[in-house]
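Spelled out from the first residue to the last, the chains are:
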Amino acid sequence: SQYSAVDTNPLSVYIMQPIWNKIIEIVPLWIAPNLLTFSGFVMILVNYFLISFYDWDYTASGTSPGLVPTWVWLFSAFTTSCAYALDSIDGKHARRTQSSTPLGELFDHGLDSWATSIFVLSFFSVCSRDNGKTGVSVYTMYIYLSIVLFNFMCSHWEKYNTGVLFLPWGYDISQVVLIAAYLLTGAVGVEVWQKPFLFGYYITDALVILLIGFSLFLSFPQTLYNIHRAHLKKTLKNDSLYEGLLPLVSPLLLFILLTVWVVLSPGNILAKQPRLFLWMVGVAFSNVICKVIICQMSSTRPELFHWFLFPLALVVYAAISGLLGWTEEAVLAVLTALVTAAHVHFGVCVGRQLSEHLNIYIFSLKKRVQE
């Protein structure tokens, strides 16, 4: 299928695109576009693990001065800027080197679906978790992450139905806000997040309100409108309502199961292990979305129930019924490790199959020799 994406965000069109067009000129022509995509993702990961090292339980920024060294915040601003730039030029570089492939498209969106949650989880370290005075509660973190992932899912659900990816406005804005937040923290210290800045509200409150406003009143209505317009023009990919809504079943069930665990956990799992739990949410979600992206690209029908729903349902049942008892955290750790391994394995397999099928290398512009 021919890849088509529409970007109408003024920030992107008038400010960022001219910058990307300048940067792209210095990228050597022998570099494979997927190498750019992957390098950006690795930077996000390195940054995430670095922050996790200094702030495993999201409490480091709750003290004044914070326990995370200043250079870490500046490094975060640097890696986030690089990742944002690399993610924005990979497609341009592919067109420039005439190497645009379905593999590149899947690689880009697949890594984006995972990076989305990692960005959010890194950002939570800036504002710290609620300590009675400042910070956000772990439940707010969970809802915040869910809304961001819901937004990401909407744009790909929309593409599944219309064949066109309308790039969400929130993407460029969120990247710029994220970089600014890291620079601000590096320059002023975490204290900036601990003082009310307007009418007794904290900056974090404003960001949460902005995000929810953006999602519910801008992104989601826009998605529904674009699908409705395609329906009127008779350009929808799926004839039946059932087929059109099918990709939403697994993500919604995933969200319901996770929420049940969060709310009914006897050991209060989210408060005990916020980093593990939220990481697991992001990985599980990424895997579900990747399957939808593959179905959308190959015009196949997604499965009704994603495989992960079955082990998750078992674990959630065992946890909330008290069967797990004191082993709940250990079981979460094992589940998180398994889901992460399964997701990486899935990505490697799909990448290898596609590279063989399309007769290309993933990280090189050389053609494969036909056996």
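Please refer to the structure placed before this passage.
On a predicted model such as this, the values are computed, not experimentally measured, just so you know.

Q: Is there a simple way to think about the overall build of the protein in this case?
A: Scanning the protein from N- to C-terminus turns up 12 helices and 2 strands. When the elements of the protein are put in sequence order from the N terminus, they spell out β-α-α-α-α-α-β-α-α-α-α-α-α-α. Relative to the compact-globule value of 21 Å for 371 residues, the protein shows a C-alpha radius of gyration of 21 Å, a close match. With the principal axes as the frame, the protein shows a C-alpha extent of 60 × 50 × 45 Å. Within the protein, the fraction of its 371 residues that count as buried is 51%. Put simply, 80% of the contacts in the protein that link residues at least 6 apart link residues at least 24 apart. Of the charged side chains in the protein, 20 are positive and 21 negative, and the gap between their average positions amounts to 6 Å.

Q: I'm lost on helix α4 (residues 102-127) in this one. Help?
A: Each turn of an α-helix holds 3.6 residues, which means side chains three or four residues apart point in the same direction. Between its first and last C-alpha atoms α4 spans 38 Å; for 26 residues at 1.5 Å apiece the expected length is 38 Å, and the two agree. Taking the largest bend as the criterion, α4 deviates by roughly 25°, centred on W114. Within α4, 25 of the 26 residues are buried, which leaves it mostly tucked inside the rest of the structure. Where α4 terminates, the next one or two residues include S128, which has phi positive at roughly 60°.

Q: I would appreciate a short explanation of the packing of aromatic side chains in the present structure.
A: Any pair of aromatic rings gets described here by the distance separating the centres and the angle formed by the planes. If you walk through the whole model with that rule in mind, you get 22 aromatic pairs. With a centroid separation of 6.1 Å and an interplanar angle of 80°, the aromatic rings of F123 and W193 are classed as edge-to-face. Of this pair, F123 sits in helix α4 while W193 sits in the loop between α6 (170-188) and α7 (203-232); the two residues are 70 residues apart in sequence, bridging distant segments of the chain. We classify W193 as buried; its relative accessible area is 4%. Judged by centre distance (6.4 Å) and plane angle (75°), the ring pair of F305 and F310 falls under edge-to-face. Its relative accessible area of 42% is what places F305 among the partly exposed residues. Across from the ring centre of Y58, 4.2 Å away, lies the NZ or CZ of R275, which sits over that ring. In this structure, K291 is placed above the aromatic ring of F346, and the distance from its NZ or CZ to the ring centre is 5.1 Å.

Q: Would you take a moment to explain the environment of Y171 for this structure?
A: By secondary structure assignment, the location of Y171 is in helix α6. For the pair Y171 and S125, spaced 46 residues apart in sequence, the C-alpha to C-alpha distance is 20 Å. Discounting residues that sit within four places of it in the chain, Y171 has contacts with Y84 and D87.

Q: What exactly am I supposed to notice about the environment of I173 here?
A: As for its position among the elements, I173 is in helix α6. Here I173 is in contact with N9, L11 and F214, once residues within four sequence places are set aside.

Q: Help me understand the packing of α4 against α6 in this model?
A: The description of two packed helices rests on the angle between their axes and on the distance between the axes. Remark: α4 packs on α6, axes separated minimally by 11 Å, with the N-to-C direction vectors making an angle of 30°. Relative to α6, α4 is oriented roughly parallel. Between α4 and α6 the crossing geometry is left-handed. Taking contact as the criterion, the partners of F119, S122, F123 and V126 in α4 are, on α6, Q175, L178, A181, Y182 and T185. Considered class by class, the residues forming the contact of α4 with α6 number 6 nonpolar, 3 polar and no charged.

Q: Would you mind going over the pattern of salt bridges with me for this structure?
A: Any two side chains of opposite charge can pair if their charged atoms end up close together. Scanning the entire structure with this criterion turns up 3 salt bridges. With a closest N to O distance of 2.3 Å, E243 and R301 form a salt bridge. In this pair, E243 is assigned in helix α8 (residues 241-264) and R301 in the loop between α10 (274-298) and α11 (309-320), connecting sequence segments 58 residues apart. Across the pair E303 and K291 runs a salt bridge whose closest N-O atoms are separated by 3.9 Å. In this pair, E303 is assigned in the loop between α10 and α11 and K291 in helix α10, connecting sequence segments 12 residues apart. Look at E303 and you get partly exposed, because its relative accessible area is 43%.

Q: Mind showing me how you'd approach the environment of F78 here?
A: By secondary structure assignment, the location of F78 is in helix α3 (residues 70-96). Put simply, F78 and E329 are 251 residues apart on the chain and 34 Å apart in space, counted from C-alpha to C-alpha.

Q: Can you walk me through a nonpolar patch on the surface in this structure?
A: Together, Y242, L253, F255, I256, L304, F305 and F310 give the surface a local cluster of nonpolar side chains, amounting to about 650 Å² of exposed area. Residue contributions to the nonpolar patch peak at 4 residues, all from α8. Checked against the element boundaries, L304 lands in the loop between α10 and α11.

Analysis parameters
Residues numbered from 1 in each chain as written. Predicted model: local features only at pLDDT ≥ 70, side-chain atom pairs only at ≥ 80, totals over all residues. Heavy atoms only, no water. Helix = DSSP H or I, 4+ residues; strand = E, 2+ residues; numbered from the N terminus. Rg over C-alpha atoms; globule rule 2.2 N^0.38 Å. Buried < 20%, exposed > 50% of the residue type's maximum accessible area, 1.4 Å probe, protein only. Contact = heavy atoms within 4.5 Å. Lys, Arg positive; Asp, Glu negative; His and termini not counted. Charge placed at Lys NZ, Arg CZ, Asp CG, Glu CD. Expected span 1.5 Å × (residues − 1). Bend = angle between axes of the 7 residues up to and from the residue. Phe/Tyr/Trp six-rings, centres within 6.5 Å; stacked < 30°, edge-to-face > 60°. Lys NZ or Arg CZ within 6 Å of the ring centre and 35° of its normal. Axes fitted to C-alpha atoms, helices over the stretch in contact; angles between N-to-C directions. Parallel < 35°, antiparallel > 145°, perpendicular 65-115°, else oblique. Left-handed = near helix turned anticlockwise from the far one by under 90°. Nonpolar A, V, L, I, M, F, W, Y, C, P; charged D, E, K, R; others polar. Salt bridge = Lys/Arg side-chain N within 4 Å of Asp/Glu carboxyl O. Patch = residues over 30% accessible without salt bridge, like charges linked within 9 Å, V, L, I, M, F, W, Y side chains within 5 Å. Areas by Shrake-Rupley, 256 points an atom, 1.4 Å probe, with all protein chains shown as cover.

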